[in-house]
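# Residue-level structural notes
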Amino acid sequence: MEITFQLNGKKITRSIESDTILLDLLRELKCYSVKRGCETSNCGLCTVFVNEKPILSCSTIAARVNGAEVVTLEGLQDEAKAFGAYVADEGAEQCGFCNPGFMMNAIAMFRENPDPTDDEIREYLSGNLCRCSGYEGQLRGIKAYLAYKKGEVQNHVTQ
Amino acid sequence: MLRFKQYYRVETIDEAYELNQKKANHIMAGNLWLRQQNRTIGGVIDLSDLGLDQIEETEDAFVIGAMVTLRQIECSEALAQYLNGAARESVRHIVGVQFRNLATVGGSLYGRYGFSDVLTLFLALGAKVRLYHTGEVELADYVDQKLDRDVLEAVILPKKVEGCSYQCIRNSETDFPVLTCCMAKVNGVYQGTIGARPGRAVLFRDETGLLKDGINEESVAAFADYVRTHVVTGSNYRAGAEYRRKMSGVLTKRALMAIKEGGLN
């Protein structure tokens with residue numbers, strides 16, 4: 001079957017099998033930020049936006065995005081660069097494998113709730129598993145980035 | 001992995017119903033846990049274009065489309081206000097936001113899953129389901145029916161809930177629940193559910209009037225004891241049957257006291 005969708009602002013038409021998984025299709029299209037993690041709908045590594053909502057691409061049939069707008073981290077370079085610098089500055093990345101999925105979901109949170117509490121951050125990102133960091137560095141990175149965005153502090157990290 | 005040869009994006013519920021009469025076809029809801037199955041089916045029927053992804057509030061009910069996601073339930077201000085946050089509380093522990101943006105109410109109820117927080121909630125609230133062929137059926141009856149080939153269109157939540165509270169126990173946040181409980185006062189009568197026993201949720205109505213004089217320490221203890229002694233529990237790798245039995249009384253007590261304090265969780 002043939003599907004057409006927007007991928008990072010670019011129109012894509014592709015012939016796929018009926019049961020092709022979105023994760024596989026996106027990696028075929030060279031969106032390598034979309035990681036293959038648990039594939040059991042738990043870890044959040046494969047997070048992408050479909051029609052502006054964060055979803056798990058390992059658990060989405062590619063046929064379902066026909067006519068939809070799909071965004072991966074490749075399509076959010078500016079936001080990712082700005083936020084990523086704060087994450088790195090807090091030492092929140094170790095192996096970095098979970099990072100693209102974490103960044104996508106964090107950006108979804110910033111859009112939905114620009115001023116989250118610590119508990120709201122923890123809850124929103126509870127579907128993004130990290131086996132290295134213990135999450136505290138990520139939390140510090142998010143808070144530092146939000147403080148910068150609100151103008152509470154000057155940018156102090158190298159982007 | 002689940003494999004299939006055909007993908008049908010239907011335009012009418014009638015089309016979905018007709019396709020679903022073929023045993024090789026299955027309706028696709030959230031389509032989660034694709035990789036945890038190892039089978040090949042003929043085709044999947046996608047209801048995404050049928051407008052079943054809306055929560056409508058009428059004078060006497062909420063009509064929740066089968067394709068409404070758990071995230072929509074979580075974020076619905078109208079449901080939050082009506083149920084004092086119980087709907088949000090029932091789904092917010094389920095995996096993560098990305099998962100809840102995919103998982104649907106229809107998929108959760110059609111499967112009658114033992115672990116289902118959603119079934120625990122709606123069963124306690126006296127909800128009905130609207131099936132395309134059969135019409136409206138009480139959820140309490142639907143859960144006991146065998147899986148069939150009808151199409152679940154919507155969940156109907158009559159506005160008869162006077163208070164409710166949702167409680168659960170999990171070994172770790174975002175994991176499947178060890179035990180779930182929802183207590184509600186519906187149409188003047190208290191009733192509640194215990195789910196993740198690990199079997200599917202079961203309903204307990206205050207048929208003997210243990211709570212007829214309202215919620216106080218004695219009546220709560222009596223009803224919690226009734227639930228604890230009558231609930232059938234089992235063991236799995238999350239918890240033992242006896243632990244679940246004891247905790248069913250504890251959660252019932254907590255839920256009733258929360259209703260007394262305003263239904264907040």
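Keep in mind it's a predicted model, so treat the numbers as computed, not measured.

### Topic: the packing of aromatic side chains
All names here are of chain B. Evaluation of the coordinates by the stated rule reveals twelve aromatic pairs over all chains. Relative to Tyr 132, the ring of Tyr 17 lies with its centre 5.6 Å away and its plane at 50°, an arrangement referred to as tilted. In this pair, Tyr 17 is assigned in helix H1 (residues 13-20) and Tyr 132 in the loop between strand E6 (128-131) and strand E7 (135-138), connecting sequence segments 115 residues apart. For Tyr 17, a relative accessible area of 13% puts it in the buried group. Of the residues examined, Tyr 132 reaches a relative accessible area of 32% and is grouped as partly exposed. Ring geometry for Phe 115 against Phe 176: centres 4.6 Å apart, planes inclined by 55°, an arrangement best described as tilted. In this pair, Phe 115 sits in the loop between helix H6 (105-110) and helix H7 (117-124) while Phe 176 sits in the loop between strand E9 (161-170) and strand E10 (177-186), placing the two residues 61 residues apart along the sequence.

### Here we look at the pattern of salt bridges
Once the charged atoms of two side chains with opposite charge are near each other, the side chains can pair. Applying the stated criterion across every chain, the model contains 26 salt bridges over all chains. Measuring nitrogen to oxygen at the nearest pair gives 3.1 Å for the salt bridge that ties Asp19(A) to Arg3(B). Within this pair, whereas Asp19(A) is found in the loop between strand E2 (10-15) and helix H1 (22-28), its partner Arg3(B) is found in strand E1 (residues 2-9), the two belonging to separate chains. For Arg3(B), a relative accessible area of 41% translates into the label partly exposed. Residue Asp225(B) is joined to Arg228(B) by a salt bridge in which the shortest nitrogen-to-oxygen separation is 2.2 Å. With Asp225(B) and Arg228(B) both in helix H9 (residues 217-230) and three residues apart, this pair spans about one turn of that helix. Under the relative-accessibility criterion, Arg228(B) is labelled partly exposed at 29%. Through salt bridges with shared partners, a single network forms among Glu112(A), Arg71(B), Glu74(B) and Arg100(B).

### Digging into the domain arrangement of chain A
Residue and element names in this part refer to chain A. When cut into domains, chain A gives domain 1 (2-74) and domain 2 (76-149). On a C-alpha basis, the centres of domain 1 and domain 2 stand 21 Å from each other. Here domain 1 and domain 2 share zero salt bridges between them. Between the two partners, domain 1 and domain 2, sit five residue pairs in polar contact (both at pLDDT 80 or more). With three residues, the single largest contributor to the side of domain 1 that touches domain 2 is strand E3 (residues 47-50).

Reading guide: rules and limits
- Residues numbered from 1 in each chain as written.
- Chains lettered and ligands numbered in written order.
- Predicted model: local features only at pLDDT ≥ 70, side-chain atom pairs only at ≥ 80, totals over all residues.
- Heavy atoms only, no water.
- Phe/Tyr/Trp six-rings, centres within 6.5 Å; stacked < 30°, edge-to-face > 60°.
- Helix = DSSP H or I, 4+ residues; strand = E, 2+ residues; numbered from the N terminus.
- Buried < 20%, exposed > 50% of the residue type's maximum accessible area, 1.4 Å probe, protein only.
- Salt bridge = Lys/Arg side-chain N within 4 Å of Asp/Glu carboxyl O.
- Domains from an automatic or database assignment.
- Polar contact = N/O pair within 3.5 Å; in protein donor to acceptor, adjacent residues only side chain to side chain.

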